[in-house]
Amino acid sequence: MQMMAGLTAGDGRERGHASSGAALDLLRIVRINEEIKRVVSVAFKINIMALNAIFLAKRAGNAALGFGVLSNELRVFSKDLRESMMTLTRLIHESVAEVSVILQESRQDELFRRTAALRPDDRQLAVVLDRRDRRHAEREERIAVLRRELRMAVDDAARLVELGGVLAKSAKIEAAYGAGFATSLGQVSGEFDGIVEEIRASLDKLRHSSFFGGSA
Amino acid sequence: MKTTQTIFEDGSHKWTAIVRDPARPDYLIDTNEYLIQHAGQGLLLDPGGSEIFPAVFSALSSEFDPSKLVGIFASHQDPDIISSLALWLEFNPGMKCYVSWLWGSFIPHFGGTAETFVALPDEGETIPLAGLPLQAVPAHYLHSSGNLHLYDRQAKILFSGDVGAALLPADKQNLFVEDFAAHIRHAEAFHRRWMGSNEAKRRWCERVSQMDIDMMCPQHGAIYRGADVQRFINWFDELNVGITRA
């Protein structure tokens, strides 16, 4: 059976490429999702750590008033970060759904292309192919919108993490004024800082994902 | 591309066999599709797998306007029977798919919506095609647990799904069975392994023996006609099925 020969209905049907593009996108989305899962798990850890830090600051009393305030802020940061990740997860799920449909339809498009090669002058087939082309273009547009929304959500999360970094560094400074508790407070604030750096690295990876045109 | 062959014609009432694709890759089982036309409408029987859709569509289109297909009859749920459903629906989204109730929620994985499917009861049902009554005949466990054949009383043709199927060698590709004894050797192992129940087989043989059948059209292999129909029923009745060598 001759493939692609005599195809007349529409030239926007390089769906073999669309199919492999969609497959790559799906792979990239899966990687992004794995990174998001890592951040969510770390954000949950910050929440617990911040709670412990609040108790520690209370025990330290007046010497750790500033540290207590920052621990509260880190708890709020952890909550905001989880909400931010929930937005990302929702967008990821929507993207997976769209890309999966494109993958499925690309498979069918390939069969229709083979049919068109056998019946190059079939008007009904041309109508079906045009309709599928329009549907495909709409889906590609939806993917493009989701890609933009995802990128914006990742940027929002990155800004949030900048704030988290400032809080963690301030907590380190406050820990130094913790008198008898300075060592424990310093240890806790050091862990905060380490974790925020871990999240920052994850988000940097996301921002450079090839899904957004980057190289990662 | 597959070829079409008219096997019955009486005015606007016509049966077309869509068979034998020389370009079919060896790893795909060969299948027969059948188109029943009546008064300008068409019903496609076991339209085949999605991989062979281009070949079946092209052959059918040379014979019939695909937008005039009002329905698809699926003898059972296998992918070589009905995985092309979504592709056919592109030409007529209002098309109905007649299938055993047992597979009503499985086949939608191949395509279609709730409105697409007409669930046929175990005892079968009459399917009208532009006034032509076609009878869905129970053939459960032969081989699928929800399996139906289709009988056209006026044409005296029974579409028998996998019953009567034969895996023919490349040099024996005739549309009709010409030498029953030689042909049935290619059907025996298939029936022993794929047909799951001697009890179901006995009931089917009793049922179809009482029908007036000129042609029995399986989904694989060659068509039985004339005395070979009864020969097949007798042979099948004697065959011990539902067994493996292992």
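Because the structure is predicted, anything quoted here is derived from the model rather than measured. (Residues numbered from 1 in each chain as written. Chains lettered and ligands numbered in written order. Predicted model: local features only at pLDDT ≥ 70, side-chain atom pairs only at ≥ 80, totals over all residues. Heavy atoms only, no water.)

Draft legend 1. Spatial organisation of the sheet that holds strand 2 (residues 13-19) of chain B. Residues and elements named next belong to chain B. Spatially, seven strands are ordered 1-2-3-4-5-6-7 in an open sheet, and the strand pairing comes out mixed. A strand with exactly one partner marks an edge of an open sheet, and here the two such strands are strand 1 (3-10) and strand 7 (117-120). Across the sheet, the axes of successive neighbouring strands diverge by a mean angle of 20°, strand direction being ignored. Pairing of strand 2 with strand 3 (residues 33-38), which is carried by five bridges, proceeds in the antiparallel orientation. (Pairing = 2+ DSSP bridges. Helix = DSSP H or I, 4+ residues; strand = E, 2+ residues; numbered from the N terminus. Axes fitted to C-alpha atoms, helices over the stretch in contact; angles between N-to-C directions.)

Draft legend 2. Spotlight on the nonpolar core. Counting residues in hydrophobic clusters, the biggest one holds 48 residues, and the most contacted among them are Phe67, Phe77, Leu81, Met85, Phe192 and Ile199 of chain A. Counting residues per element, the ones that place at least two in this core are helix 1 (15-60), helix 2 (65-118), helix 3 (123-176) and helix 4 (182-207) of chain A. Among the elements that line this core, the one with the most residues is helix 1 of chain A, at 14 residues. Contacts of Leu81 of chain A, omitting those with residues within four sequence positions, involve Val39, Ala43, Leu160, Val161 and Ile199 of chain A. Formed by 33 residues, the second largest nonpolar core is a distinct cluster that contains Leu28, Ile72, Leu87 and Trp103 of chain B. (Core = buried A, V, L, I, M, F, W, Y, C linked by side-chain atoms within 4.5 Å. Buried < 20%, exposed > 50% of the residue type's maximum accessible area, 1.4 Å probe, protein only. Contact = heavy atoms within 4.5 Å.)

Draft legend 3. Examining the interface of chain A and chain B more closely. Listed per partner, the contact involves 16 residues of chain A and 18 residues of chain B. Across the chain A to chain B interface the summed buried area is about 1,500 Å²; carbon plus sulfur atoms make up 58%. Along the contact surface separating chain A from chain B lie five salt bridges. Between Arg107 of chain A and Glu51 of chain B there is a salt bridge, with the nearest N and O atoms lying 2.1 Å from each other. Our count for the chain A to chain B interface comes out at seven residue pairs in polar contact (both at pLDDT 80 or more). Mapped by element, the contributors of at least two residues to the side of chain A that touches chain B are helix 2 and helix 3 of chain A. Considered class by class, the residues forming the side of chain A that touches chain B number six nonpolar, three polar and seven charged. (Buried area = accessible area lost by both parts, 1.4 Å probe. Salt bridge = Lys/Arg side-chain N within 4 Å of Asp/Glu carboxyl O. Polar contact = N/O pair within 3.5 Å; in protein donor to acceptor, adjacent residues only side chain to side chain. Nonpolar A, V, L, I, M, F, W, Y, C, P; charged D, E, K, R; others polar.)

Draft legend 4. Up close: the side chain of Asp109 of chain A. The topology assignment puts Asp109 of chain A in helix 2. A polar contact is formed between the side chain of Asp109 of chain A and the side chain of Arg132 of chain A, at a distance of 2.7 Å.

Draft legend 5. Fine view of the environment of Leu89 of chain B. Residue and element names in this part refer to chain B. Assignment of secondary structure puts Leu89 in helix 3 (residues 85-89). The buried category is assigned to Leu89, whose relative accessible area is 10%. Through-space distance from the C-alpha of Leu89 to that of Met211 is 33 Å; in sequence the pair is 122 residues apart.

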